[in-house]
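Summary of structural features
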Amino acid sequence: MTTFKNFIGGEWVEPSTGDYFENRNPADTTDLVGRFPRSGAEDVQRAVESAQRGFALWRRTPAPARGDVLRRVGDLMVRRKEEIADLMTREMGKPLNETRGDVQEGIDTAFYAATEGRRLFGHTVPSELRSKWAMSFRRPVGVCGIITPFNFPMAIPTWKMFPALLCGNACVFKPAEDVPHTGHVLVEILLEAGLPPEVIQLVHGFGETVGKSIVEHPDVPVISFTGSTETGRIVGETCGRMHKRLSLEMGGKNAQIVLDDADLDLALEGVLWGAFGTTGQRCTATSRLILQKGIHDRFLADLEKRASALRLGDGRKDGTDVGPLIHEASREKVESYVEIGQKEKADLVLGGERPSGKDLQNGHFFQPTIFAGVKAGSRLEQEEIFGPVLSVIRVDSADEAFRINNDVKYGLSSSLYTRDVNLAFRALETLDNGITYINAPTIGAEAHLPFGGVKQTGNGHREGGWEVYEFYSETKVGYLDYSGTLQRAQIDNYLG
Ligand code: UN1
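Residues numbered from 1 in each chain as written. Predicted model: local features only at pLDDT ≥ 70, side-chain atom pairs only at ≥ 80, totals over all residues.

Reading across the sheet, the seven strands line up as E15-E16-E17-E14-E13-E19-E20 and stay open at both edges, with mixed pairing between neighbours. Here the strands that pair on one side only, and so sit at the sheet edges, are strand E15 (347-350) and strand E20 (435-438). Strand after strand, the sheet turns through a mean of 20 degrees between neighbouring axes, direction not considered. Both strand E13 (residues 254-258) and strand E19 (residues 413-417) contribute to a ladder of four bridges, which runs parallel. Among the inter-strand pairings, Ile257 is bridged to a residue of E19, identified as Leu416. Set on the sheet, helix H10 (residues 293-308) makes contact with E13, strand E14 (286-292), E15, strand E16 (369-372) and strand E17 (389-395); between it and E14 the angle comes to about 140 degrees. (Pairing = 2+ DSSP bridges. Helix = DSSP H or I, 4+ residues; strand = E, 2+ residues; numbered from the N terminus. Axes fitted to C-alpha atoms, helices over the stretch in contact; angles between N-to-C directions. Contact = placed C-beta atoms within 7 Å.)

What follows is the structure in structure tokens.
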């Protein structure tokens, strides 16, 4: 069993605390993945000081050269894809096809960032005065605190760090304590690709110590956080008080709507993947299924049949559809929602229990669970569960479906299955989500498009796409006047 280190000050070092935590396989908790530093505030302090030195150097490296480092990062990730997928499944639990996809999302993000090094556009516009140039351009912001969740151990850190680095910032990275091994490998790859060592700092540990120290550090002007709504609120309060630039990605309560005219086979595949892929542990997971009355009964019966055939198990074994939950507390939370559903008189049509299989007793497994007859406004229908629990709601019309979709505090993704092109466009306009899929499930974001939600899902920023490059850079404006005279804006221009 390996004991891992932090990467601080340009070298692999032990934590100042001398303390470590164990990382175990959620499919079989007798399998110890490794020991990782339980770091403290002192480690964060050293990391930030070093990152400031890294920043001073890196910001002066031309953006195309920074992009070239990220191109090499992408190449190395391609080469190590299978190995990373395997170690990710071991520490996180989702099946290999999903962890391969997770690495691929990182690869896509790397190559996108690499080419962005030759763009990073500003604007040159005509000045209103003669013999004067007016332009805007981008500057990096400083040391970025990168705090990431367990469910996309590679994709989410790359979404944040690759654009941050491309823009010329340095990063202090705290991966979720459930997936430190993937975080370790990502830093290894960045270094092997030629990133100057002090530009990246890896500090392992827990939110209440390491995360908190990063967020509260006065020399970390940028924070990017993906995680729970509760933690996001605390992070947001601190950043607000300290005037920090903050990107928050938090909860979802995403719905798939299936109307009477839909391609039902396609909609069925979509909901199985959206609700039970990653064991429901995506902020984009389908946790509500809104069915129009004409197809409700038939669709529900087919869904129950197909969902009951999903195979739970170790994600590294062939044939596994659904892996375990990340830890015991998640499983208990899921169980508490099964109880809530029953109290609210929803109809438990599938699952609701831990599986009985002998080989599943050492992991945090939970059966795919479906409640039907769920009432709009009930807790089951409103609250994020982050597990394999799907709530089915019956509606009369598309209008009612759209209203129910919007009537939650979150607004990440939504999905509509219909053959009516007019309705599809209306849905794009009226559904209150950052992402709406037509005839596709609520999950499956692509690296070159902006990712994020409205309402309490986030704070208006986006990951991915070119939008994220705006978050990690400051727009600066330059004026250059070669007229040799004082020209007073708004007074001496030709309009006057
Ligand atoms: C998340 O769950 O936090 O589209 C991100 C998707 C993934 C990203 C999910 N590519 O579901």
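Here the focus is the site of the ligand. Taken together, the neighbourhood of the ligand is formed by Glu105, Asn151, Phe152, Thr226, Arg282, Cys283, Thr284, Ile443, Gly444 and Ala445. Residue assignment places the shell around the ligand across two domains, with domain 1 (6-250 + 458-478) and domain 2 (254-438) each supplying three or more. (Near = placed C-beta within 6 Å. Domains from an automatic or database assignment.)

Mapped onto the elements of the fold, Asp102 is located in helix H4 (residues 96-116). Distance in space between the C-alpha atoms of Asp102 and Ala193 is 20 Å, their sequence separation being 91 residues. Aside from chain neighbours lying at most four places away, what touches Asp102 is Met88, Phe152, Pro153, Met154 and Ala155.

Nonpolar side chains tend to gather and get buried jointly when the protein is soluble and globular. With 121 residues, the main nonpolar core has Leu70, Ala110, Cys171, Val172, Ile200 and Val392 as its most contacted residues. Top contributing element to this core by residue count: helix H5 (residues 155-166), with eight residues. Beyond its immediate sequence surroundings of up to four residues, Ala110 is in contact with Leu70, Val73, Gly74, Met77, Thr158 and Phe162. Counting eight residues, the second largest nonpolar core, distinct from the first, contains Cys283, Leu412, Ala445 and Phe451. (Core = buried A, V, L, I, M, F, W, Y, C linked by C-beta atoms within 7 Å. Buried ≥ 20, exposed ≤ 12 C-beta atoms within 10 Å, placed from the backbone.)

In terms of burial, E14 is largely enclosed, as seven of its seven residues are buried. Across five bridges, E13 lies against E14 in parallel orientation. Note on E14: the bridge partner recorded for Ala255 is Arg288. In this region the chain leaves E13, passes through helix H9 (residues 264-276) and returns to the parallel neighbour E14; the handedness of that crossover is right-handed. Taken together, the five bridges between E14 and E17 define a ladder with parallel strand orientation. Residue pairing across strands places Gln292 opposite Val395, the latter belonging to E17. (Right-handed = clockwise from strand over helix to strand, strands pointing away.)

On to the packing of helix H2 (residues 63-79) against H5. It is the contact of H2 with H5, at a shortest axis distance of 9 Å, that shows an interaxial angle of 150 degrees. By the criterion of interaxial angle, the relationship of H2 to H5 is roughly antiparallel. Residues Ala63, Arg66, Gly67 and Leu70 of H2 form the contact with H5, whose participating residues are Phe162, Leu165 and Leu166. Residue composition of the contact of H2 with H5, by class: five nonpolar, one polar and one charged. (Parallel < 35°, antiparallel > 145°, perpendicular 65-115°, else oblique. Nonpolar A, V, L, I, M, F, W, Y, C, P; charged D, E, K, R; others polar.)

Summary statistics for the protein give a mean pLDDT of 97 and a share of 99% for residues scoring 70 or more. Across the predicted assembly, pTM comes out at 0.97 and ipTM at 0.92. (pLDDT = per-residue confidence, 0-100.)

Put simply, an interface is often sized by how much accessible area is lost when its parts join up. Taken as a whole, the protein is organised into domain 1 (6-250 + 458-478) and domain 2 (254-438). If you average the C-alpha positions of domain 1 and of domain 2, the two centres end up 31 Å apart. Contacts between the two partners involve 18 residues from domain 1 and, on the opposite side, 19 residues from domain 2. Those elements that provide at least two residues to the side of domain 1 that touches domain 2 are strand E5 (28-37), helix H3 (81-92) and H4. For the side of domain 1 that touches domain 2, the per-class residue count stands at six nonpolar, five polar and seven charged.

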